[in-house]
Amino acid sequence: MIALAPGVRTSLSGPQTKSMTHYLRLKHDAILVGAGTAVADAPSLNCRYPGAGLDAQPRPLVVDPNGRWVVEGSAVARLAAEGQGREPWIVSLRGNKAGAAKTMMVQESPAGGMEWEEVLRALKAEGIDSVMVEGGATVINALLAKPHLLDSIIVTVAPTWLGQGGLAASPADMVVEGQRVNAASLQETSWKQFGADAVLCGKPAT
Ligand SMILES: NC(=O)c1ccc[n+]([C@@H]2O[C@H](COP(=O)([O-])OP(=O)(O)OC[C@H]3O[C@@H](n4cnc5c(N)ncnc54)[C@H](OP(=O)(O)O)[C@@H]3O)[C@@H](O)[C@H]2O)c1
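Residues numbered from 1 in each chain as written. Predicted model: local features only at pLDDT ≥ 70, side-chain atom pairs only at ≥ 80, totals over all residues. Heavy atoms only, no water.

Draft legend 1. The packing of aromatic side chains, seen in detail. What the rule picks out here adds up to one aromatic pair. Between Lys102 and the ring centre of Trp89, over which it is positioned, the NZ or CZ distance is 4.6 Å. Just above the ring of Phe194 sits the side chain of Lys192; from NZ or CZ to the centre is 5.6 Å. (Phe/Tyr/Trp six-rings, centres within 6.5 Å; stacked < 30°, edge-to-face > 60°. Lys NZ or Arg CZ within 6 Å of the ring centre and 35° of its normal.)

Written out as structure tokens, the structure is:
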């Protein structure tokens, strides 16, 4: 589980794994979150690893098909104005509200919404070669069902239970020939402890 409830900012990881997250941000061209996280958490989406200058900052990306996230006045926009992060970019179906951020338009899929293949293609066309997807649940669940699009998965496990009704990060159930089967798995796994948390790394099994 990744939050107490949808839209509830929840403290989970300890200082060591937070630091690891910032180190990983340093290693990517962009950090991506969905509109739900951008609106609920007001995330900074910058890299606060010691010594990370503006050149090392990843591009904040918000997948916001309906222009729900208001860029103006956001933490991301403020940090960019202060030189502590890059200007955010938005991936959208219909354009963004404030009009202040660069917006990449993606065609609506026949089923409605966006196809992740199209989103990644649009980012590649803008020179983004590596993306760290941070959440939230809708984004993670959709991508776990598309393992062929993912290079690696890193899961921080904090020693706490959020309780029933928490926001689960899990792909939809999978049925093959009428039988429920495991929905997603990792291979080439490794575990490492940082402080009180454990970190699981692996490659998605395709
Ligand atoms: N523990 C952690 O590490 C962590 C990390 C990040 C977030 N979170 C938590 O996750 C929660 C937010 O999760 P969430 O599921 O509500 O929001 P989310 O996954 O951040 O964003 C979901 C929204 O993004 C848009 N979207 C994403 N993919 C799309 C696609 N393929 N096609 C069309 N639209 C797409 C949709 O916007 P529209 O609804 O406007 O169409 C969708 O509702 C928050 O409580 C946050 O605290 C936890």
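Draft legend 2. Quick look at the environment of Ala3. As for its placement among the helices and strands, Ala3 is situated in the segment before α1 (15–26). For Ala3 and Tyr49, which are 46 residues apart along the polypeptide, the C-alpha to C-alpha distance reads 24 Å. Dropping the residues within four chain positions of it, Ala3 is found in contact with Val8, Thr10, Leu162, Gly166 and Leu167. (Helix = DSSP H or I, 4+ residues; strand = E, 2+ residues; numbered from the N terminus. Contact = heavy atoms within 4.5 Å.)

Draft legend 3. Layout of the site of the ligand. Around the ligand, the structure places 26 residues, and the nearest of them are Thr37, Asp41, Asn66, Arg68 and Thr138. Within the backbone of Ala35, a nitrogen or oxygen atom sits 3.3 Å from an oxygen atom of the ligand. Thr37 places a polar side-chain atom, nitrogen or oxygen, 2.6 Å from an oxygen atom of the ligand. For the shell around the ligand, the elements supplying multiple residues, two or more each, are α2 (35–41), β5 (131–135) and α5 (137–144). Ranked by residue count, the leading element in the shell around the ligand is α2, at four residues. Taken together, the residues of the shell around the ligand sort by class into 14 nonpolar, nine polar and three charged. (Near = heavy atom within 4 Å. Polar contact = N/O pair within 3.5 Å; in protein donor to acceptor, adjacent residues only side chain to side chain. Nonpolar A, V, L, I, M, F, W, Y, C, P; charged D, E, K, R; others polar.)

Draft legend 4. How the structure looks around the state of the cysteines. Evaluated as defined, the whole model comprises zero disulfides. Cys47 carries a free sulfur, and the closest cysteine sulfur to it, the one in Cys201, is 17 Å from it. A relative accessible area of 28% means that Cys201 is categorised as partly exposed. (Disulfide = S-S within 2.5 Å. Buried < 20%, exposed > 50% of the residue type's maximum accessible area, 1.4 Å probe, protein only.)

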